[in-house]
Amino acid sequence: MQNTGECVVAVNAPRGGAKARRRAVLAAQYVANILLGILFISPLLWMFVTAFNPIQALDSQISSITEFLPRTLSLGNFKAVFTRIPMVRYLLNTLLYALGTVVLVLLVNALAGYALAKIPFRGRGTVIMFIVIMLTIPFEGITLSLYMVVSKLQLLNSPLAVILPSAMSCFYIFMFRQFFSGIPNAVIEAAEIDGCKPLTVFFRVVIPMATPVFVTVFILEFFGKWSDYYWPMLTLTDSALWNIQIAIADFNSRAEHYGQFMAALTVCTLPIVILFLFLQKYYIQGIATQGIKDM
């Protein structure tokens with residue numbers, strides 16, 4: 001009996017050591033993730049804190065940790081932002097460009113992706129391969145030709161100059177195609193047997209099943225259009241039509257100190273941070289379901 005007990009101890013000892021090592025590795029991973037999280041969030045934290053700091057505390061803010069957090073919150077920087085430039089107009093302009101682009105992107109690219117995934121036609125594989133190849137071409141490579149098209153259509157200095165060129169995206173078409181390929185054909189065939197036409201199947205059957213990918217594309221395109229500077233700078237020369245990014249770049253030369261500039265950045269950043277917090281669950285689901293499928 002004594003020998004048997006010794007054998008049990010000898011067998012269980014390595015198991016306990018393995019559990020301890022796994023716990024140590026897990027703890028080290030948590031610590032590393034926390035440190036990385038602090039590292040990545042520190043610029044945003046510094047921006048928010050600086051935006052609420054009064055001008056008297058800006059010089060001493062970076063001198064020590066104790067002076068980093070403001071002792072008194074001040075809205076003077078935000079007041080300067082909204083009084084020196086028409087910030088509300090720029091926010092509404094940016095919201096118009098972002099929402100208008102998102103609506104077109106979801107409609108056009110979802111229909112194209114659905115056709116490539118579920119509607120058989122000759123040359124479908126070639127079209128998919130062409131879309132994949134087009135993903136390698138950067139936007140800067142087509143900027144000149146796209147600008148000439150917009151200019152010929154006399155769309156410069158109008159919201160359509162910002163919205164229409166973004167309506168079609170090879171990346172989003174491929175993303176929708178990948179998601180729709182995972183929907184069973186039996187579901188679509190059952191709807192067709194019930195008398196549903198192709199568009200009815202798409203809007204009433206497919207879209208409710210594809211909420212994660214729609215939210216993912218919504219977030220990616222909305223954030224991209226909200227932070228877009230390059231294309232609006234080329235097509236919008238009228239200051240009344242500027243978006244928030246051009247306005248902040250212009251305000252940078254007018255700000256008396258960097259506290260006011262950080263307040264402008266906070267006004268620009270806060271809406272998309274709040275939006276992402278509400279939609280992050282669907283965003284993660286959408287990204288997780290975009291596995292590589294056979295083309």
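Chemist: What exactly am I supposed to notice about the pattern of salt bridges here?
Modeler: Once the charged atoms of two side chains with opposite charge are near each other, the side chains can pair. Inspection of every chain in the model, using the stated rule, returns 1 salt bridge. K225 is the salt-bridge partner of D228, the closest N and O atoms lying 3.7 Å from each other. Overall, K225 belongs to the buried group, its relative accessible area being 5%.

Chemist: Any chance you could explain the packing of helix α9 (residues 185-193) against helix α10 (residues 198-209) here in plain terms?
Modeler: Helix-helix packing is characterised by the crossing angle of the two axes and by the distance between the axes. Contact pair α9 / α10: the axes reach a minimum separation of 10 Å and the direction vectors enclose 150 degrees. With respect to each other, α9 and α10 are oriented roughly antiparallel. Read as a crossing pair, α9 and α10 show a hand that is right-handed. Touching V187, I188, A191 and E192 of α9 are V201, V205 and M209, all from α10. The class makeup of the residues in the contact of α9 with α10 is 6 nonpolar, no polar and 1 charged.

Chemist: How should the nonpolar core be read in this particular structure?
Modeler: Generally speaking, soluble globular proteins have nonpolar side chains that are buried together. M87, F176, F180, F214 and I244 are the most contacted members of the largest nonpolar core, which has 55 residues in total. Per-element tally for this core: the top contributor is helix α4 (residues 87-118), with 11 residues. In contact with F176, not counting residues within four places along its chain, are L106, N109, A110, G113, V213, F214 and V217. Grouped together as the second largest cluster of nonpolar side chains are 6 residues, L116, I128, C170 and I173 included.

Chemist: Is there a simple way to explain the environment of G100 in this structure?
Modeler: Here G100 is to be found in helix α4. Once the C-alpha coordinates of G100 and L164 are considered, the two residues, 64 residues apart in sequence, prove to be 8.8 Å apart.

Chemist: So what exactly am I meant to see when it comes to the packing of aromatic side chains here?
Modeler: Two aromatic rings are characterised by how far apart their centres lie and by the angle between their planes. What the rule picks out here adds up to 15 aromatic pairs. Residues F139 and Y230 carry aromatic rings whose centres are separated by 6.2 Å and whose planes lie at 85 degrees to one another, so their mutual orientation is edge-to-face. One end of the pair, F139, is in the loop between α5 (124-134) and α6 (143-152); the other, Y230, is in helix α12 (residues 230-235), with 91 residues separating them in the sequence. Classification of F139 by relative accessible area gives partly exposed; the value is 33%. Note on Y230: relative accessible area 33%, which makes it partly exposed. These aromatic residues form a ring-pair network of at least three members: Y114, F176, F179, F180, F202, F203 and F214.

Chemist: Where do I start with the packing of helix α8 (residues 170-181) against helix α11 (residues 211-226) in this structure?
Modeler: The interhelical angle for the contact between α8 and α11, taken along N-to-C directions, is 165 degrees, at an axis separation of 10 Å. On the basis of the axis angle, α8 is roughly antiparallel to α11. The handedness of the crossing between α8 and α11 comes out as right-handed. On the side of α8, the interface is formed by F171, Y172, M175, F176, F179 and F180, while α11 contributes P212, V213, F214, T216, V217, L220 and E221. Considering only residue class, the contact of α8 with α11 consists of 11 nonpolar, 1 polar and 1 charged.

Conventions adopted
- Residues numbered from 1 in each chain as written.
- Predicted model: local features only at pLDDT ≥ 70, side-chain atom pairs only at ≥ 80, totals over all residues.
- Heavy atoms only, no water.
- Salt bridge = Lys/Arg side-chain N within 4 Å of Asp/Glu carboxyl O.
- Buried < 20%, exposed > 50% of the residue type's maximum accessible area, 1.4 Å probe, protein only.
- Axes fitted to C-alpha atoms, helices over the stretch in contact; angles between N-to-C directions.
- Helix = DSSP H or I, 4+ residues; strand = E, 2+ residues; numbered from the N terminus.
- Parallel < 35°, antiparallel > 145°, perpendicular 65-115°, else oblique.
- Left-handed = near helix turned anticlockwise from the far one by under 90°.
- Contact = heavy atoms within 4.5 Å.
- Nonpolar A, V, L, I, M, F, W, Y, C, P; charged D, E, K, R; others polar.
- Core = buried A, V, L, I, M, F, W, Y, C linked by side-chain atoms within 4.5 Å.
- Phe/Tyr/Trp six-rings, centres within 6.5 Å; stacked < 30°, edge-to-face > 60°.

Structural measurements only, silent on function.
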